[in-house]
Number of protein chains: 2
Amino acid sequence: MSVEAVLANASANTEEEAADEALIVFTPSGKRGRFPIGTPVLQAARALGVDIDSVCGGRAICGRCQVQLSEGSFAKHGLTSRSDHLTPVSATEQRYDEKRGLKQGRRLSCQVKLLGDVVIDVPADSQVHKQVVRKRAEVRAIELDPVTRLYYVEVVEPDMHAPTGDLERLYTALREQWNIADAYADLRTIQRLQKALREGDWKVTVAVYHGAIRSRNRVVAVWPRFHDRIYGVAIDIGSTTIAAHLCDLATGDVIASAGLMNPQIRFGEDLMSRVSYVMMNPGGDVEMTAAVRDALNTLIGQVAAEAGIERTNIVEGVFVGNPVMHHLLLGIDPIELGGAPFALATSTSQTLWASELDVRMHPDARVYILPCIAGHVGADAAAVVLSEGPYLQDENWLIVDVGTNAEIVLGNRHRLLACSSPTGPAFEGAQISSGQRAAPGAIERVRIDPSTLEPRYKVIGSDLWSDDPAFSDATASLGISGICGSGIIEAIAEMFLAGIVTSDGMIDGSLASATSRIQPNGRTFTYLLRAGEPEIRVTQNDIRQIQLAKAALYAGARLLMDHLEIDAVDRITLAGAFGSHIDVKHAMVLGMIPDCPLNKVSSAGNAAGTGARIALLNGKARREIEDVVTRIEKIETAIEPKFQEHFVSAMAFPHKTALYPHLAQVVTLPEQKTSDDGSARQGRRRRHR
Amino acid sequence: MSVEAVLANASANTEEEAADEALIVFTPSGKRGRFPIGTPVLQAARALGVDIDSVCGGRAICGRCQVQLSEGSFAKHGLTSRSDHLTPVSATEQRYDEKRGLKQGRRLSCQVKLLGDVVIDVPADSQVHKQVVRKRAEVRAIELDPVTRLYYVEVVEPDMHAPTGDLERLYTALREQWNIADAYADLRTIQRLQKALREGDWKVTVAVYHGAIRSRNRVVAVWPRFHDRIYGVAIDIGSTTIAAHLCDLATGDVIASAGLMNPQIRFGEDLMSRVSYVMMNPGGDVEMTAAVRDALNTLIGQVAAEAGIERTNIVEGVFVGNPVMHHLLLGIDPIELGGAPFALATSTSQTLWASELDVRMHPDARVYILPCIAGHVGADAAAVVLSEGPYLQDENWLIVDVGTNAEIVLGNRHRLLACSSPTGPAFEGAQISSGQRAAPGAIERVRIDPSTLEPRYKVIGSDLWSDDPAFSDATASLGISGICGSGIIEAIAEMFLAGIVTSDGMIDGSLASATSRIQPNGRTFTYLLRAGEPEIRVTQNDIRQIQLAKAALYAGARLLMDHLEIDAVDRITLAGAFGSHIDVKHAMVLGMIPDCPLNKVSSAGNAAGTGARIALLNGKARREIEDVVTRIEKIETAIEPKFQEHFVSAMAFPHKTALYPHLAQVVTLPEQKTSDDGSARQGRRRRHR
């Protein structure tokens, strides 16, 4: 009896309970129906549209369709669910149990048949569209809806009387056994098909890519016999680091992760110096394209090795990156991105073969690249938007991905704006006198006593503060080497709160008499954070660099607020590696970000990588972000006169409670005038709680 | 005013003649309509659906839209067509004329505007869907309907306020300027796009491939500014020779042709020996794939050089070949084709990038490969079917592509059957004692005087018969070297008609007394065709080889006739190089083909190559042959017991007028009994007219 007939039967009999039928209720979906005695549970589930996974199509091979009987009386359903309402464990199930193991109480729904009324629970791991766990509670769940799926098929052997090709008989099998009507295959699949079919004795597992219109139902891989697992890789290509996550496409689990420095760094630290490299060295783009693709191959090799799988089992990739990384990955000259009008070669999403990018996974693996938002706001920003989902919220949400360029998104479900702001590399520790990258031994936390003006700090790799007696021993092996981005933020914010720095960013030289930590340096002063080797100071120039960076960031956010005609945001998320290390309170003390309730400010970590992973695991998410990106209003800071205004105003540190009401509830802002009105010192005695 | 509005206007006003409108009649289509005074002729043509070509979209650049005024009174249209009913030659047209030349009386329809009633002739060379001339009158015309077409567009420059990609603005231009709604591009196109746009100052010409569903409106090439011509190449990959035709996709003209020996010959003369080579030498398929692809690259280089064009202007290819050639070209191991069940890896048509086959033309050129019919009946046979079109006819048409395997098609618009028959290489001169390929110096025509039993012959490269006094001098430089396939057919047919050979194929040794040309050779006899150096004889074994080959061919045709339940065919076409040299009467005398009115038997030349060219020039033809191939009934001779029966019966030469009534009207068949009834000689005195 076909599924359709069973379904028709079930609905025809809702009123009268036929004696030869039984009621089946599936949990957690609550879907229910009456089916003839003897109907396999999987068949009933299919007829009712209950989501149960299967790769082997009911042949007791894959074990994906496991279910569990709920025993007891269920008044609301008017039924008693008992184990003898199902056929006993069959020889086939026993064989499966012996071979691959079946958890206590689990049954293969393709084998077990209805004998009476039952309630059947479909565990999460048996669902195709299961939810993937995310660490952060505040964001939406990821629903698994893989674009590439496995199908086990039995293909009819060739017949001289009906001489069709092996490929066409595979298509027939997919149509008849899986209802996949319009499959087609890449040449490389065709080249390998004959061998796989014969090796598997006409039983093969194929991976089918269910892409958008043009790449619908594309057979991308064929394995002889039953093949259990396929994988995908989500990669965030940052200017500085590249991070890869290998995911099991059946479970959504991240099974291995790896990261490495972007080897393009040897061509230039930041994006613009890489674009300059191409301008100065024709063909330099080709070198950088090769470098980044090499790095991807290294990373993919690493995650595959870590997971103990063949890289040919990786059948999908999703890559994101800023526009320059995006272009270099695709083999497109990035020079146009180096100057106005910052024209992208292409802004829409791309779906390619891995082989077109020289990326080694399964040769027919499909690679999906998210759309770019604008010439400075890339596929990585699109991934951040997908990860955080501001377009699903009513709140005015400010999301900042802090890097050499800050990519800034602001808005809600009705309107979403984006821009980028040239913060420069100061937040990453560059252009800071004792600056360094965030690495073991770098100072990352700083506190300054407002009475004594004495500092204490913590370094990456140790949980102790520097005033702890055990600190020296604990950090001896780390070798304190400098101060990282989050460290300099805290240092300057604490200096400001302690009155060492005025709201317009000058180190107050008059305090040199109060503490030996403030020392003249030409016409300005420095603050000694750490004596000894190496000596670590905060110089006037360090403060200027941070002021320039934070003013750019703030001005970008403020510009978007102007466009949205709001004066305050409801929620702030800091994304990116830097964003996840930074202390949000200190960031706000410096005026990097607008005022906001501090419990509404959070770090999202590598949200771009998470967005890439969502796109990898859920095909609908790709259409969703493609659509959202077209609706985002792109603001170009370079041509907005207001940006310059905001930038100049934002150079000062916040010193008016009125401007930062929420922050002022947490810290006492030094309500100073600027240094040039001569009363800078007045605020010094105000203490932060 | 939009085209739609003009059209709406025209139809709204059919009844009353508005004073500010004029009637325009296009010939040869006869389409007519009324349009406002001042409407450009091209716009009126578009509104009426008149087929006028244009690449530049009405910018007076391409000159494809030329038309001609028909002057005079046209009673049936009720109008007078006068030159002053059109705007005078404009400065723009004058510039075009000076730059590129405009034939007397021709106007650019995009520039000239209606001032009064006119009859406008659209010359064939201004139509997109023009007819392509074929040499043979009996076959249907080829209509030009190229899959890849050129479009000149002006792309909007990038704008920071609306930061879309260059690619997306190109798509917008195609949509707005050409109504191509869903264009998309390959990665390589995207990589080259920025440069082309800037070099052409945002004016580019793109080649768009209007393929079937999945590859609809694919931008495959971009050139800066206006680009006039694109080309396609149709290649027939035979086991022995490969032939290429370079076509102008705008006119359909063949502008260069070239051929070369299939370099795979070094791996084996015939198909089965090449398959054996792979069986004996694992990886041998890779060598042969590389060899055939190299040959294609050489040929494409040759035709491009001959035509004086860049190979990157070749944007499409159509390739055909028998199943083994088809598989080796695609990089598929052909071993399965070497034995039952002769399974094809794929039987349907393929559309690929040229680069997937390592074929060097435009890197994004699309290659179309016709479907295969069965394991022995390939894409070349499908191309023959497309070229000849038996599926459009009511007659029962037998088409034979003679090669090492004969591919045989029989049927009509209602039913079409195909099989292949293992004729072996005898028809190509192999396995014949003095056999050789058809090349200068080979004997290709033979006549034997039935009274004297003296032969005369002609060789390739000379028009003289050997009994002409000038023959020796004329052929001295050729060096007579052997006998080719068509020569041996004629020699044996003439020997049969002269009574030298009995109907069961024995050389009648009793005639050795009558002529010194018949000489004993062990237990059999030979016939001396040519004395001297080299001596050329027809041996008993030569006759046996030809008997085996012709019996296989006939048995295949007869088997299809059985399936179709007919005893005679209405029409016969011999395709292939051999088929075009053979004399159809002699072929029928030998019983290679069934009886048929001799004026209904013809040679089609390289019909496979013609079919490939049709598929290159007409997209609908591809869908047509794909559909026809699915409807062809495939007969496998290897498993049909009747094939063996027919084969055995067909070993004899036709000696019953009843069996060959049409042939018997042209020649007197020796109504012999077979040699073993001892009365073979009786027929000898019967003469052919």
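First, a word on scope: everything that follows refers to the structure included in this document. (Residues numbered from 1 in each chain as written. Chains lettered and ligands numbered in written order. Predicted model: local features only at pLDDT ≥ 70, side-chain atom pairs only at ≥ 80, totals over all residues. Heavy atoms only, no water.)

### Some words on the relation of the copies chain B and chain A
For these two chain copies, the linking operation is a rotation about an axis paired with a shift along it. Quick note on the threshold: Here the copies are superposed with least squares, the fitted atoms being C-alpha atoms of residues at a pLDDT of at least 70 in both.
Placing chain B over chain A gives an RMSD of 0.1 Å and needs a rotation angle of 180 degrees, together with 0.1 Å of translation along the axis. As the rotation angle and translation indicate, the two copies are arranged about a two-fold axis. Minimal C-alpha separation from the rotation axis in chain B is found for R214 of chain B, amounting to 2.4 Å.

### Structural notes on the sheet that holds strand 10 (residues 148-154) of chain B
Residue and element names in this part refer to chain B. Going by this rule: At least two bridges found by DSSP between two strands is the condition for calling them paired. Under the DSSP-based scheme used, a helix requires at least four consecutive residues in state H or I and a strand at least two consecutive residues in state E, with every element numbered from the N terminus. Contacts: residue pairs with any heavy atoms within 4.5 Å of one another. For helices, the fitted axis covers only the stretch in contact; all axes are lines through C-alpha atoms, and the angles between them, taken along N-to-C directions, range from 0 to 180 degrees.
One open sheet accounts for four strands, arranged 10-12-13-11; its pairing is mixed. For this open sheet the edge positions go to strand 10 and strand 11 (184-185), each flanked by a neighbour on one side alone. Across two bridges, the pairing between strand 11 and strand 13 (residues 218-224) is parallel. Within strand 13, the residue paired with Y184 across the bridge is R218. Sitting on the sheet, helix 5 (residues 187-199) is in contact with strand 11, strand 12 (203-209) and strand 13, with an inclination near 30 degrees to strand 13.

### Let's talk about the sheet that holds strand 20 (residues 397-401) of chain A
Residue and element names in this part refer to chain A. With mixed pairing, the six strands of this open sheet are ordered in space as 30-29-20-21-22-31. Taken across any chain shown, the strands that pair with only one partner, and hence form the sheet edges, are strand 30 (601-605) and strand 31 (633-634). Looking at chain direction, strand 20 and strand 21 (residues 406-411) are connected through five bridges and run antiparallel. When the bridges of strand 21 are listed, W397 appears paired with G411.

### Description of the interface of chain B and chain A
Interfaces are often described in size by the accessible area the parts lose on coming together. For clarity, the cut-off: As used here, buried area is the combined drop in accessible area, with a 1.4 Å probe, of two parts when they are placed together. Any Lys or Arg side-chain nitrogen found within 4 Å of a carboxyl oxygen on Asp or Glu counts as a salt bridge. Polar contacts, as used here, are pairs of N or O atoms within 3.5 Å; protein pairs need one atom able to donate a hydrogen and one able to accept it. Residues neighboring in sequence count only if both atoms are side-chain atoms. Ten residue types, Ala, Val, Leu, Ile, Met, Phe, Trp, Tyr, Cys and Pro, are classed as nonpolar, four, Asp, Glu, Lys and Arg, as charged, and the remainder, Gly among them, as polar.
Taken together, the contact between chain B and chain A spans 47 residues of the former and 47 residues of the latter. Between chain B and chain A lies a buried interface of about 3,800 Å² when both sides are counted; carbon and sulfur atoms form 60% of it. Together, M160, L187 and R214 of chain B form the three largest contributors to the area buried by chain B at its contact with chain A, with a combined 21%. Linking chain B to chain A there are two salt bridges. Residue R198 of chain B pairs with E336 of chain A through a salt bridge whose shortest N-O separation is 2.9 Å. Seen at the junction of chain B and chain A, the total is 18 residue pairs in polar contact (both at pLDDT 80 or more). Contributing elements (two or more residues each) for the side of chain B that touches chain A: helix 4 (166-178), helix 5, helix 8 (323-330) and strand 18 (350-353) of chain B. Among the elements that make up the side of chain B that touches chain A, the one with the highest residue count is helix 5 of chain B (six residues). Along the lines of polarity and charge, the residues of the side of chain B that touches chain A split into 22 nonpolar, 12 polar and 13 charged.

### Regarding the side chain of R530 of chain B
All names here are of chain B. With respect to the secondary-structure elements, R530 resides in strand 27 (residues 524-530). Within the local environment of R530, its side chain forms a polar contact with the backbone oxygen of P534, the two atoms lying 3.0 Å apart. Excluding its chain neighbours within four sequence positions, the residues that come into contact with R530 are Y457, I480, R517, E535 and I536.

### Section: the packing of aromatic side chains
Put simply, the test is: Whether two aromatic rings pair depends on their centres lying within 6.5 Å, for rings of Phe, Tyr and Trp, where Trp uses its six-membered ring; planes under 30 degrees apart make the pair stacked, over 60 edge-to-face, and the rest tilted. Throughout this description, buried means an accessible area under 20% of the type-specific maximum (1.4 Å probe, protein chains only), exposed means over 50%, and partly exposed covers the range between. Both a distance and an angle decide whether a charge sits over a ring: NZ of Lys or CZ of Arg must be within 6 Å of the ring centre and within 35 degrees of the ring normal.
Scanning all chains against the criterion turns up 13 aromatic pairs over all chains. Ring geometry for Y457 of chain B versus F471 of chain B: centroids 5.7 Å apart, planes at 85 degrees, classification edge-to-face. With Y457 of chain B in strand 24 (residues 455-459) and F471 of chain B in helix 10 (residues 471-476), this pair connects stretches of sequence that are 14 residues apart. The exposure class assigned to Y457 of chain B is buried, which follows from its relative accessible area of 8%. The buried category is assigned to F471 of chain B, whose relative accessible area is 5%. We note R571 of chain A situated over the ring of W397 of chain A; from NZ or CZ to the ring centre the distance is 3.8 Å. Cation over ring: R366 of chain B sits above Y209 of chain B, and NZ or CZ is 5.9 Å from the ring centre.

### A word on the packing of helix 9 (residues 379-388) of chain B against helix 15 (residues 607-617) of chain B
Residue and element names in this part refer to chain B. Convention followed: Any angle that falls under 35 degrees is termed roughly parallel, while one over 145 is termed roughly antiparallel, one within 65 to 115 roughly perpendicular, and all others oblique.
Relative to each other, helix 9 and helix 15 sit at 75 degrees, their axes nearing to 7 Å. Overall, the two elements helix 9 and helix 15 adopt an arrangement that is roughly perpendicular. Residues D380, A383, V384, L386, S387 and E388 of helix 9 pack against A607, A608, T610, G611, A612, I614 and A615 of helix 15. Residue composition of the contact of helix 9 with helix 15, grouped by class: eight nonpolar, three polar and two charged.

### A closer look at unusual backbone geometry
In this structure, P534 of chain A follows E533 of chain A across a cis peptide bond, with omega equal to -5 degrees. Cis rather than trans, the peptide bond between T27 of chain B and P28 of chain B has omega equal to 5 degrees. Tracing the backbone through its elements, the reader meets P28 of chain B in the loop between strand 1 (21-27) and strand 2 (32-36). Phi at R225 of chain B takes a positive value of approximately 60 degrees, unusual for a residue other than glycine. Mapped onto the elements, R225 of chain B comes out in the loop between strand 13 and strand 14 (231-237).

### Some thoughts on the pattern of salt bridges
All names here are of chain A. In the structure shown here, the tally under the stated rule is 67 salt bridges over all chains. For R198, the salt bridge is made with D166, and the minimal N-O distance between the two is 2.8 Å. Of this pair, R198 sits in helix 5 (residues 187-199) while D166 sits in helix 4 (residues 166-178), and the two are 32 residues apart along the sequence. On the basis of relative accessible area, R198 is assigned to the partly exposed category, the value being 24%. Across the salt bridge formed by D562 and R558, the nearest N and O atoms sit 3.4 Å from each other. Here D562 and its partner R558 are both found in helix 12 (residues 540-564), four residues apart, which amounts to about one turn of the helix. By relative accessible area, which is 23% here, D562 ends up partly exposed. With a relative accessible area of 13%, R558 lands in the buried category. When salt bridges with common partners are traced through the structure, they connect D53, R64, R100, R149, D228, R229 and D248 into a single cluster.

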